[in-house]
Amino acid sequence: MGWRDNMKEILDVIIIGAGPAGLSAAVYAARGGLDFVVLEQTYASGGQVLNTSEVDNYLGFHNMNGFELGMKFHEHAQALGCPFENKKVILLKDMGDFKEAECEDGSVYKARNVILAMGASPVRLNVEGEEAFRGKGVSYCATCDGNFFRQKTVAVVGGGDTALEDAIYLSRICQKVYVIHRRDAFRGAKSLEDKLFSCENIEVIWDSVVEEIHGENTVEGITVRNVKMDMAGELKVDGVFVAIGTKPLTELVKNLVEMDEYGYIIAGENCMTNVSGIFAAGDIRKKEFRQIITAAADGANAINSLISSENDK
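Computed from a predicted structure; not experimentally measured.

1. Examining the environment of Ala-117
Moving on, step 1. With respect to the helices and strands, Ala-117 occurs in the loop between strand 6 (108-116) and strand 7 (120-122).
Moving on, step 2. Note: C-alpha distance between Ala-117 and Pro-20 (97 residues apart in sequence) is 8.6 Å.
Moving on, step 3. Residues within four places of Ala-117 in sequence aside, it is in contact with Ile-16, Gly-17, Ala-21, Gly-22 and Ala-281.

Below, the structure written as structure tokens:
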């Protein structure tokens, strides 16, 4: 008997999360003839891409609205008959030969394998105007949205590697880039710092925080406060790039799989974690580059690794 046996109550795989990684895994699982289910706690599939006003770096979809792209991902999976359940998983157990996912509504799903694709969310500034202008001038991804601010003035908030890299990247596109950092020294790599200081159109505003983002239909300016002098002023900008970190949504498995100090799941390009039968795909996984296209690749790799590992048993 093959690895897909007749135990109908135990699926081949549970996919938790329906962002690009989870949806890609679902497509490959459907094409591979697996018995599976996709569990997604929100009503719409697509993950963070749903909150992106425009996507200009996903191959084949030039200048695409993020919500529409997310819907296309979902429609593709749906066309292949992928089973979706709008449920929040609150407990995941490793039962040895199978895994058990308990949902908030009391339902329980069992499978020999689980793909974790819950994603990560950017750390917010939590200031007035941030949520209102999200996708309308407020961005958490410079490589995703930078091109929409060509020859405009933007602010990058943060002082680590990501903030420095974002500012350098944006300096090639934008007319002016402000870097706003709450301390008097960067936390990023010295090589990045040197490169940033060599960019003539980058201005650093030290010891300062953003207190408010304002505008009418789109971002028009920010209120910046110097924390040492306790003085506030206005800065005219067309966009705000928040780069103060991301938070992986790994609370569900914090005591189950190996993670790094930031909570990202440690798994290789094959997406295998340290627990047999549990895979991590997309932004939830520790890696160098987090984009829609790399998340989708992870979903495919996770299913391929899953099938290979099962066939080896």
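2. Brief notes about helix 1 (residues 20-31)
An α-helical turn contains 3.6 residues, so any two residues separated by three or four positions project in the same direction.
Moving on, step 1. With 12 residues, helix 1 should reach 16 Å at 1.5 Å per residue; the first-to-last C-alpha distance of 17 Å fits that figure.
Moving on, step 2. Among the 12 residues in helix 1, nine count as buried, and that is most of the element.
Moving on, step 3. For helix 1, the set of buried residues is Pro-20, Ala-21, Gly-22, Leu-23, Ser-24, Ala-25, Ala-26, Val-27 and Ala-29.
Moving on, step 4. For helix 1, the elements touching its buried residues are strand 1 (10-16), strand 2 (36-39), helix 2 (66-79), strand 3 (84-85), strand 6 and helix 6 (292-311).
Moving on, step 5. Phi turns positive one or two residues past the end of helix 1, at Gly-33, with a value near 70°.

3. Focus: the pattern of salt bridges
Moving on, step 1. Under the definition given, this model contains 13 salt bridges.
Moving on, step 2. One salt bridge in this structure joins Asp-194 and Lys-190, with 2.8 Å as the shortest N-O distance. One end of the pair, Asp-194, and the other, Lys-190, are both in helix 5 (residues 190-197), four residues apart, so they sit about a helical turn from each other.
Moving on, step 3. Through salt bridges with shared partners, a single network forms among Glu-269, Arg-285, Lys-287 and Asp-298.

4. Describing the packing of aromatic side chains
Moving on, step 1. Applying the stated rule across the entire model yields six aromatic pairs.
Moving on, step 2. Arranged with centres 5.4 Å apart and planes meeting at 65°, the rings of Tyr-58 and Phe-73 form a pair that is edge-to-face. Placement of the pair is Tyr-58 in the loop between strand 2 and helix 2 and Phe-73 in helix 2, with a sequence separation of 15 residues. One exposure class covers both Tyr-58 and Phe-73, and it is buried.
Moving on, step 3. Taking 4.7 Å as the distance between ring centres and 45° as the angle between the ring planes, the aromatic pair formed by Phe-186 and Trp-206 counts as tilted. Pair noted here: Phe-186 is in the loop between strand 10 (176-180) and helix 5 and Trp-206 is in the loop between strand 11 (202-205) and strand 12 (208-215), with a separation of 20 residues, a long-range link.
Moving on, step 4. By relative accessible area, Phe-186 is classed as buried at 10%.
Moving on, step 5. The ring of Tyr-140 is capped by Arg-124, whose NZ or CZ atom sits 4.9 Å from the centre of that ring.
Moving on, step 6. Its guanidinium or amino end placed over the ring of Tyr-264, Arg-290 lies 3.9 Å from that ring's centre, counting from NZ or CZ.

5. What to know about the environment of Lys-287
Moving on, step 1. Within the element layout of this structure, Lys-287 appears in the loop between strand 17 (278-280) and helix 6.
Moving on, step 2. Sequence separation of Lys-287 and Ser-198 is 89 residues, and the distance between their C-alpha atoms is 28 Å.
Moving on, step 3. Not counting chain neighbours up to four residues away, the residues in contact with Lys-287 comprise Gly-282, Thr-294, Ala-295 and Asp-298.
Moving on, step 4. Here Asp-298 takes part through its side chain, which lies 3.0 Å from a polar atom of the side chain of Lys-287.

6. As for the nonpolar core
Moving on, step 1. Ranked by size, the top nonpolar core spans 31 residues in total, and within it Ile-15, Phe-36, Leu-69 and Ile-115 carry the most contacts.
Moving on, step 2. Among the elements of the structure, strand 1, helix 1, strand 2, helix 2 and helix 6 are those that each provide at least two residues to this core.
Moving on, step 3. Not counting chain neighbours up to four residues away, the residues in contact with Leu-69 comprise Val-49, Val-55, Tyr-58, Phe-61, Met-64 and Ile-292.
Moving on, step 4. Membership of the second largest hydrophobic core comes to 22 residues, among which are Ala-101, Cys-103, Met-118 and Ile-265.

7. Some points on the state of the cysteines
Covalent bonding between the sulfur atoms of two cysteines is what defines a disulfide.
Moving on, step 1. One pass over the structure, following the stated rule, counts one disulfide.
Moving on, step 2. Two residues share a disulfide in this structure: Cys-141 and Cys-144, whose sulfurs sit 2.2 Å from each other. Negative torsions about the S-S bond denote left-handed disulfides, and the value of about 65° found for Cys-141 with Cys-144 makes this one right-handed.
Moving on, step 3. No disulfide involves Cys-103; its nearest neighbouring cysteine sulfur is the one of Cys-82, lying 18 Å away.

8. Digging into the sheet that holds strand 12
Moving on, step 1. Taken in spatial order, the three strands make up an open sheet running 12-13-14, and their pairing is antiparallel. With partners counted over all chains shown, the strands left at the sheet margins are strand 12 and strand 14 (231-236), one partner each. Each neighbouring strand pair of the sheet contributes to a mean axis angle of 25°, computed without reference to strand direction.
Moving on, step 2. The pairing of strand 12 with strand 13 (residues 219-226) spans seven bridges and is classified as antiparallel.

9. Quick notes on the confidence of the model for the protein
Moving on, step 1. Per-residue pLDDT for the protein averages 92, and the proportion of residues at 70 or more is 96%.
Moving on, step 2. Considering only residues more than four positions removed or in separate chains, one finds that residues 1-7, a stretch of pLDDT under 50, has 14 contacts.

10. Overview of the sheet that holds strand 11
Strand pairing in a sheet relies on backbone hydrogen bonds, with the paired strands running either antiparallel or parallel.
Moving on, step 1. A sheet is described by the order of its strands in space; here five strands give the open sequence 8-15-9-10-11, paired in parallel fashion. Each edge of the sheet is formed by a strand with only one pairing partner; in this case those strands are strand 8 (138-139) and strand 11.
Moving on, step 2. Both strand 9 (residues 153-157) and strand 15 (residues 239-242) contribute to a ladder of four bridges, which runs parallel. Bridge assignment links Val-154 to a residue of strand 15, and that residue is Gly-239.
Moving on, step 3. Each of strand 9, strand 10, strand 11 and strand 15 is contacted by helix 4 (residues 161-171), which is oriented at about 170° to strand 9, the strand it contacts most.

What counts, and where the lines are drawn
- Residues numbered from 1 in each chain as written.
- Predicted model: local features only at pLDDT ≥ 70, side-chain atom pairs only at ≥ 80, totals over all residues.
- Heavy atoms only, no water.
- Helix = DSSP H or I, 4+ residues; strand = E, 2+ residues; numbered from the N terminus.
- Contact = heavy atoms within 4.5 Å.
- Expected span 1.5 Å × (residues − 1).
- Buried < 20%, exposed > 50% of the residue type's maximum accessible area, 1.4 Å probe, protein only.
- Salt bridge = Lys/Arg side-chain N within 4 Å of Asp/Glu carboxyl O.
- Phe/Tyr/Trp six-rings, centres within 6.5 Å; stacked < 30°, edge-to-face > 60°.
- Lys NZ or Arg CZ within 6 Å of the ring centre and 35° of its normal.
- Polar contact = N/O pair within 3.5 Å; in protein donor to acceptor, adjacent residues only side chain to side chain.
- Core = buried A, V, L, I, M, F, W, Y, C linked by side-chain atoms within 4.5 Å.
- Disulfide = S-S within 2.5 Å.
- Pairing = 2+ DSSP bridges.
- Axes fitted to C-alpha atoms, helices over the stretch in contact; angles between N-to-C directions.
- pLDDT = per-residue confidence, 0-100.

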